[in-house]
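Understanding the architecture of this molecule
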Amino acid sequence: QKEVEQDPGPLSVPEGAIVSLNCTYSNSAFQYFMWYRQYSRKGPELLMYTYSSGNKEDGRFTAQVDKSSKYISLFIRDSQPSDSATYLCAMSARNDYKLSFGAGTTVTVRA
Amino acid sequence: DAGITQSPRHKVTETGTPVTLRCHQTENHRYMYWYRQDPGHGLRLIHYSYGVKDTDKGEVSDGYSVSRSKTEDFLLTLESATSSQTSVYFCAISDPRDSRTDTQYFGPGTRLTVL
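Described in the following lines is the structure provided in the data block. Note that the coordinates shown come from a computational prediction; the quantities given were computed from them, not determined experimentally. (Residues numbered from 1 in each chain as written. Chains lettered and ligands numbered in written order. Predicted model: local features only at pLDDT ≥ 70, side-chain atom pairs only at ≥ 80, totals over all residues. Heavy atoms only, no water.)

Below, the discussion takes up the overall build of chain A. Within chain A, the regular secondary structure consists of 0 helices and 11 strands. Each helix and strand of chain A, placed in order from N terminus to C terminus, yields the pattern β-β-β-β-β-β-β-β-β-β-β. Here chain A has a C-alpha radius of gyration of 13 Å; the compact-globule value for 111 residues is 13 Å, and the two agree. When its C-alpha atoms are laid out on the principal axes, chain A stretches across 40 × 25 × 20 Å. Going through the 111 residues of chain A one by one, you find that 45% of them count as buried. (Helix = DSSP H or I, 4+ residues; strand = E, 2+ residues; numbered from the N terminus. Rg over C-alpha atoms; globule rule 2.2 N^0.38 Å. Buried < 20%, exposed > 50% of the residue type's maximum accessible area, 1.4 Å probe, protein only.)

Take a look at the structure:
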């Protein structure tokens, strides 16, 4: 079993829809949680960063962490065609400096 | 791409030949990482460095070696390339002084094909 599980999709939604992405993990030591966005043939770029449990909002993006359930989510509101990308979750334990990644979910937003 | 360059960006080589990929950063970050990305596997860590001449293995290190003689450069070498090493390779950097602990910043990637 992988340390971080993420449904690879693909996920296709119409423009304006809410996109919901999630990851589950098994290591209870994880404390730092990130979402990366990766456009085709590009490197991953940091999208959202959260520490421990709770919610964080940044524009149309909301990241949620539920450490009790070992479950993290990313929501994209009012999705746009420019949001079409692969989204990877990543997480780490304190002072580890190494990230554990999910496999990534490919999202297509249809105009 | 956070001041990270990778070279070459594309390479086609033959089985059994040595290959060296270079990662160069201008951010003076302490940590550097090499990943490979394959369909269905996401990003897998090959090797990482926590300082000049200080390196360690990741989860898929067999067949790869690394060197870091300067803060800004991290080299990944495939001593004798095999077709299973066909992949997209990403370099990443991070620094313990970053307020967003453990955040890594990625380079643009190198697409390697081994025939």
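Now that the structure has been shown, the text picks up again.
Residues and elements named next belong to chain B. Taken together, the 4 strands give an open sheet; going across it, the order is β1-β3-β8-β7, and neighbouring strands pair in antiparallel fashion. Two strands close off the open sheet at either side, each with one partner strand: β1 (4–7) and β7 (64–70). Sheet twist, expressed as the mean angle between neighbouring strand axes with direction ignored, is 20°. Pairing between β7 and strand β8 (residues 73–78): 5 bridges, direction antiparallel. Within the sheet, the bridge partner assigned to S65 lies in β8 and is T77. (Pairing = 2+ DSSP bridges. Axes fitted to C-alpha atoms, helices over the stretch in contact; angles between N-to-C directions.)

Residue and element names in this part refer to chain A. By the criterion of burial, strand β9 (residues 85–93) is predominantly enclosed, with 9 of the 9 residues buried. Side-chain alternation along β9 places A85, Y87, C89, M91 and A93 on one buried face and T86, L88, A90 and S92 on a second face that is also buried. By the bridge criterion, 8 bridges tie strand β4 (residues 30–38) to β9 in an arrangement that is antiparallel. Each residue of the ladder has a partner; that of R37, found in β9, is Y87. Looking at chain direction, β9 and strand β11 (residues 105–110) are connected through 3 bridges and run antiparallel. Considered in β11, the bridge of A85 is made with V107. Where β9 and strand β10 (residues 100–101) come together, 2 bridges link them in antiparallel fashion. Each bridged residue has a counterpart across the sheet, and for A90 the counterpart in β10 is F101. The antiparallel hairpin formed by β9 and β10 contains 6 residues in its connecting segment, where N95 sits at a positive phi of about 60°.

The volume enclosed by the largest pocket comes to roughly 490 Å³. Secondary structure elements with two or more residues in the lining of the largest pocket: β11 of chain A together with β4 (31–38), β9 (87–94) and β11 (110–114) of chain B. Here the residues of the lining of the largest pocket sort into 7 nonpolar, 13 polar and 5 charged. Quantified by volume, the second largest pocket comes out at close to 390 Å³. Forming the walls of the second largest pocket are 19 residues, and the residues nearest its centre are A:E3, A:S100, A:F101, B:L43 and B:E59. Elements with a contribution of two residues or more to the lining of the second largest pocket: β10 of chain A together with β5 (42–51) of chain B. Counting residues per element, the lining of the second largest pocket draws most heavily on β5(B), which supplies 3 residues. Across the lining of the second largest pocket, the residue classes tally to 8 nonpolar, 5 polar and 6 charged. (1 Å grid on protein atoms, 1.4 Å probe; cavity = no way out; pocket = protein on both sides within 12 Å on 5 of 7 lines; lining within 4 Å. Points joined across faces, edges and corners; volume = space filled by probe spheres on them. Nonpolar A, V, L, I, M, F, W, Y, C, P; charged D, E, K, R; others polar.)

Turning our eyes to something else, we now look at the sheet that holds strand β6 (residues 54–58) of chain A. Residue and element names in this part refer to chain A. Pairing within the open sheet is antiparallel, and its 5 strands lie in the order β1-β3-β8-β7-β6. Only two strands of the sheet have a single neighbouring strand rather than two, namely β1 (4–6) and β6. Strand-to-strand twist in this sheet, taken as the mean axis angle between neighbours without regard to direction, amounts to 15°. As judged from the 6 bridges shared by strand β7 (residues 61–66) and strand β8 (residues 71–76), these two strands associate in the antiparallel manner. The residue of β8 that forms the bridge with A63 is L74.

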